[in-house]
Structures are given as structure tokens and as C-alpha cells.
Amino acid sequence: MSTQTTNNKQQTTNGPLVGIIMGSESDLDIMTGAAEMLRQFEVEPELTIVSAHRTPERLREYAQQAKNRGIKVIICGAGGAAHLPGMVAANTILPVIGVPVKSSNSIDGWDSMLSILQMPYGVPVATVALNGAKNAGILAAQILALHDTSIAGKLEAFKEYQDDIVMESVKNVSRLGFRNEFDR
Ligand code: AIR
């Protein structure tokens, strides 16, 4: 086992490797998707509320302390004028994944999408789809898997499972009598 893998194992027992934060409790229904995905890969994240506008000091402290607390990736979800991912990214060198949330105050999700997506040069945020918290969880696991063979193995199995599901659909559709020369 490599030193890096050993370190990751130690940090799993000592503290979370992924932080999931969101602007409001009203984002929780969407953002739990990230936690659920990470748990599938046996990564137990921490999850809490941090609002860029309502708790700016908390945001700064969270972002600045995350690396020293052993966190490797931060997933940030917010809706409306969604400044949380960008401001967290401004305060840490950890990779930040932004989840635009279609909130009750949103203009169809476009406001949060563009607030998170259109980051200026020098401060990247990896933005997933609107309400795409599950993909944020998978992406966070993929980042951890660079140095953790156990998570990598679970991601491989997940990819194979997705393949199996689609191939089941291929069979279902062919039973309906549509022509398919490709799979002949
Ligand atoms: N929000 C909270 N603080 C800053 C922002 N952008 C977002 C939350 C939520 C939306 O505002 O992330 O998606 C509405 O929050 P609430 O608390 O009014 O339901």
C-alpha cells in the first residue's frame, strides 16, 4: 500500500475528505444527492449550511480551514445569486465543485447556473448541471480515487453497472421490433 493511500485511510478515520456545503436548508433535498453518491463509494462526507451572503465570516473560515482539517474536495450548492462556490474557491486552493440549485427564488435556474459557471480567470469552479448534486458526488469521488485504489475500484464497478443498465435497455428496445444493424 502506498504512503498516499495510507494517509487517505488515516484521514478517513480522523475526519471527512469531502465537505458538502449549501447556502440554505432549502437546498438540502438536492444536495443530499452528493452525499448519497459518496456513500455508495464508502466516502462519508461532512455536510452543513454556509451562506455567502448571510454568513460571510463563516464562509471565509470554512474555506480557509478546510485544507488543514484534511478536506480534499469541497462541493458547494446554492441557488439564485449563487456566490458560495466562487467565494469558497477564492479562499482555498482545494478543488471546488459548484452545484447550481434551482431554488424557490430562482429565475428558472439560470441565475445560479451563470453565477457559478462564469468564474473569472484564476479562480476555477468545476460546475455541474442544474441540480446536478449526484454528479458532484461522483466527481469528488473521482478526485479522491487518484490516490485511493479502493474508491477507484468502486468507481470502476459503478461504470460497469451503468453499462449493464444501458445494455438491458438495448435488449428491451430490440424486443419491440426496431431495426438495429449495429448490434447484429
Ligand atoms: N442563498 C443563500 N444565501 C446565499 C444564497 N445565494 C441561496 C440558497 C437558496 C436560495 O438562496 O442557496 O438556494 C434561497 O434560500 P432560502 O433560505 O430563502 O430558501
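Reading the values: rules and limits
Residues numbered from 1 in each chain as written. Predicted model: local features only at pLDDT ≥ 70, side-chain atom pairs only at ≥ 80, totals over all residues. Helix = DSSP H or I, 4+ residues; strand = E, 2+ residues; numbered from the N terminus. Buried ≥ 20, exposed ≤ 12 C-beta atoms within 10 Å, placed from the backbone. Contact = placed C-beta atoms within 7 Å. Axes fitted to C-alpha atoms, helices over the stretch in contact; angles between N-to-C directions. Parallel < 35°, antiparallel > 145°, perpendicular 65-115°, else oblique. Left-handed = near helix turned anticlockwise from the far one by under 90°. Nonpolar A, V, L, I, M, F, W, Y, C, P; charged D, E, K, R; others polar. pLDDT = per-residue confidence, 0-100. Near = placed C-beta within 6 Å. Expected span 1.5 Å × (residues − 1). Arc of directions from axis to C-beta.

On to the overall build of the protein chain, then. A tally of helices and strands in the protein chain yields seven helices and five strands. The N-to-C order of helical and strand elements in the protein chain reads α-β-α-β-α-β-α-β-α-β-α-α. Across its three principal axes, the protein chain shows a C-alpha extent of roughly 60 × 50 × 30 Å. Sorting the 184 residues of the protein chain into buried and exposed places 37% on the buried side. Sequence separation of 24 or more characterises 70% of the internal contacts of the protein chain that already satisfy a separation of 6 or more.

Let us now look at the packing of helix α6 (residues 133-145) against helix α7 (residues 149-175). Their axes nearest at 8 Å, the elements α6 and α7 cross at an angle of 135 degrees. The pairing of α6 with α7 is recorded here as oblique in orientation. Considering the relative orientation of α6 and α7, their crossing is left-handed. Note on element contacts: α7 touches α6 through Ile151, Ala152 and Leu155, opposite Ala141, Gln142, Leu144 and Ala145. Taken together, the residues of the contact of α6 with α7 sort by class into six nonpolar, one polar and no charged.

To continue, consider the confidence of the model for the protein chain. Per-residue pLDDT for the protein chain has a mean of 93; in total, 93% of the residues score no lower than 70. Within the model, the stretch residues 1-12 combines pLDDT values under 50 with 11 contacts to residues more than four positions away or in other chains.

Moving on, we get to the site of the ligand. With respect to spatial proximity, 18 residues lie near the ligand, and among them Gly23, Ser24, Ser26, Gly79 and Ser103 are the closest. Looking at the shell around the ligand, its residues break down into six nonpolar, 10 polar and two charged.

Here the focus is helix α2 (residues 28-40). With 13 residues, α2 should cover 18 Å at 1.5 Å per step; its first-to-last C-alpha distance of 18 Å lies within 8% of that length. Among the residues making up α2, those that are buried are Ile30, Met31, Ala34, Ala35, Met37 and Leu38. Buried residues of α2, seen end-on, are gathered within an arc of 160 degrees and therefore sit on one face of the element. The exposed residues of α2 that point more than 90 degrees off its buried face are Asp29, Glu36 and Arg39. On its buried face, α2 sits against β1 (18-22), β2 (46-49), β3 (73-79), β4 (96-101) and α6. Following α2 by one or two positions, Glu42 has its phi on the positive side, about 60 degrees.

Residues other than glycine seldom take positive phi values, yet Glu42 does so here, at roughly 60 degrees. Relative to the elements of secondary structure, Glu42 occurs in the loop between α2 and β2. The exposure class of Glu42 is exposed, given the 12 C-beta atoms found within 10 Å. The backbone phi angle of Asn131 is positive, close to 65 degrees, even though this residue is not glycine. Within the secondary structure layout, Asn131 lies in the loop between β5 (126-127) and α6. For Asn131, a count of 21 C-beta atoms within 10 Å corresponds to the buried category.

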